[in-house]
Amino acid sequence: GAAAAPPPYQFRGMILYYGKHYIALFQSLDSGSWLLFDDSKVRVLGTWLDAREHCTQNSYRPTLLLYEHMGGAAAGHGEARGPWGG
């Protein structure tokens, strides 16, 4: 059979919330480790499993998921263009 096409979007990170407090969780493109951004601190959490466990233990709730389009035209939209069609 034909090889499956790679997904058009890659999950890159998320904003989480708990008790009037927001944090951001993103994967480093350099190391692959998951990073926790909390006010003025940045911590390396490690693998996705480490990051997931940290969020679960601290009752953080995902509020906004962020994805990167991995190239090519978006389905049904033709060529990518600027806001004025150029």
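Along each chain, residue indices are assigned from 1 in the same order as the chain's sequence is written. Where local features are concerned, this predicted model is filtered to residues with pLDDT of at least 70; where side-chain atom pairs are given and counted, the filter is 80 or more; whole-chain, interface and lining totals use all residues. Excluded from the side-chain calculations are hydrogens and water; all other atoms, namely the structure's heavy atoms, are used.

Chemist: Explanation requested: the overall build of the chain in the structure shown.
Modeler: The helix count covers DSSP runs of H or I at least four residues long, the strand count covers runs of E at least two residues long, and both are numbered beginning at the N terminus. Summing up its helical and strand segments, the chain has one helix and five strands in all. The linear arrangement of helices and strands in the chain, starting from the amino end, is β-β-β-β-α-β. When each of the 86 residues of the chain is scored for burial, the buried share is 22%. Note on definitions: a residue-residue contact is assigned when non-hydrogen atoms from the two residues lie within 4.5 Å. Considering only residue pairs separated by 6 or more positions, the chain has 45% of its internal contacts joining residues 24 or more positions apart. Here, Shrake-Rupley sampling with a 1.4 Å probe gives the accessible areas, and only protein chains in the shown set may cover a residue. In the form shown here, the chain has an accessible surface area of approximately 6,700 Å², with 56% of it arising from carbon and sulfur atoms. With a 1.4 Å probe rolled over the protein chains alone, any residue whose accessible area is under 20% of its type maximum counts as buried; one over 50% counts as exposed, and the rest are partly exposed.

Chemist: Would you mind going over the confidence of the model for the chain with me for this structure?
Modeler: Low-pLDDT portions of the prediction should not be read for the details of their coordinates. Within a predicted model, pLDDT stands for the predictor's per-residue confidence, ranging from 0 to 100. Residue-level pLDDT values for the chain average 84, and 81% of them are 70 or greater. Here residues 78-86 scores under 50 on pLDDT; set against residues more than four positions off or in separate chains, the count is three contacts.

Chemist: Is there a simple way to think about the environment of Gly 19 in this case?
Modeler: Here Gly 19 is to be found in the loop between β1 (9-18) and β2 (21-27). The exposure class of Gly 19 is exposed, given its relative accessible area of 56%. Taking the C-alpha atoms as reference points, Gly 19 and Ser 59, 40 residues apart in sequence, are found 9.2 Å from one another.

Chemist: Looking at this structure, how should I read the nonpolar core?
Modeler: Side chains of nonpolar character tend, in soluble globular proteins, to be buried together. If you look at the biggest cluster of nonpolar residues, it comprises 10 residues: Met 14, Leu 16, Ile 23, Leu 25, Trp 34, Leu 36, Leu 45, Ala 51, Cys 55 and Tyr 60. Elements represented by at least two residues in this core include exactly β1, β2, β3 (34-38) and α1 (48-57). Excluding residues within four positions of it along the chain, Cys 55 makes contact with Leu 16, Leu 25 and Tyr 60. We call a set of buried residues a nonpolar core when its members are Ala, Val, Leu, Ile, Met, Phe, Trp, Tyr or Cys and they connect through side-chain atoms within 4.5 Å of each other.

Chemist: For this particular structure, what's the right way to read the pattern of salt bridges?
Modeler: Oppositely charged side chains may form a pair once their charged atoms are brought near each other. Any Lys or Arg side-chain nitrogen found within 4 Å of a carboxyl oxygen on Asp or Glu counts as a salt bridge. Tallied over the entire structure, the rule returns one salt bridge. In this structure, the salt-bridge partner of Glu 68 is Arg 12, at a minimum N-O distance of 2.7 Å. Placement of Glu 68 in strand β5 (residues 61-69) and of Arg 12 in strand β1 is noted, with a sequence separation of 56 residues between them.

Chemist: I tried to follow the packing of aromatic side chains on my own but got confused; where do I start?
Modeler: Geometrically, a pair of aromatic rings is defined through the distance of the ring centres and the angle of the planes. Here a pair means two rings of Phe, Tyr or Trp (six-membered ring of Trp) with centres within 6.5 Å. Their orientation is stacked below 30 degrees between planes, edge-to-face above 60, and tilted elsewhere. Under the definition given, this model contains seven aromatic pairs. Through a chain of ring-to-ring contacts, three or more aromatic side chains come together here, namely Phe 11, Trp 34, Trp 48 and Tyr 67.

Chemist: Would you explain the sheet that holds β1 in this entry?
Modeler: Strand pairing in a sheet is mediated by backbone hydrogen bonds. Such pairs are either parallel or antiparallel. Spatial strand order, β4-β3-β2-β1-β5: five strands in an open sheet with antiparallel pairing. Of all strands in the sheet, those bounded by a partner on one side alone are β4 (41-46) and β5. Direction aside, the axes of adjacent strands within the sheet are offset by 25 degrees on average. DSSP bridges decide pairing: two strands pair if at least two such bridges lie between them. Sheet analysis places β1 next to β5, joined by eight bridges and oriented antiparallel. The partner of Gln 10 across the bridge, within β5, is Glu 68. Fitted lines through C-alpha atoms give the axes, limited to the stretch in contact for helices. The angle between two N-to-C directions lies from 0 to 180 degrees. Helix-sheet contacts for α1 involve β1, β2, β3 and β4, and the interaxial angle to β4 is about 120 degrees.

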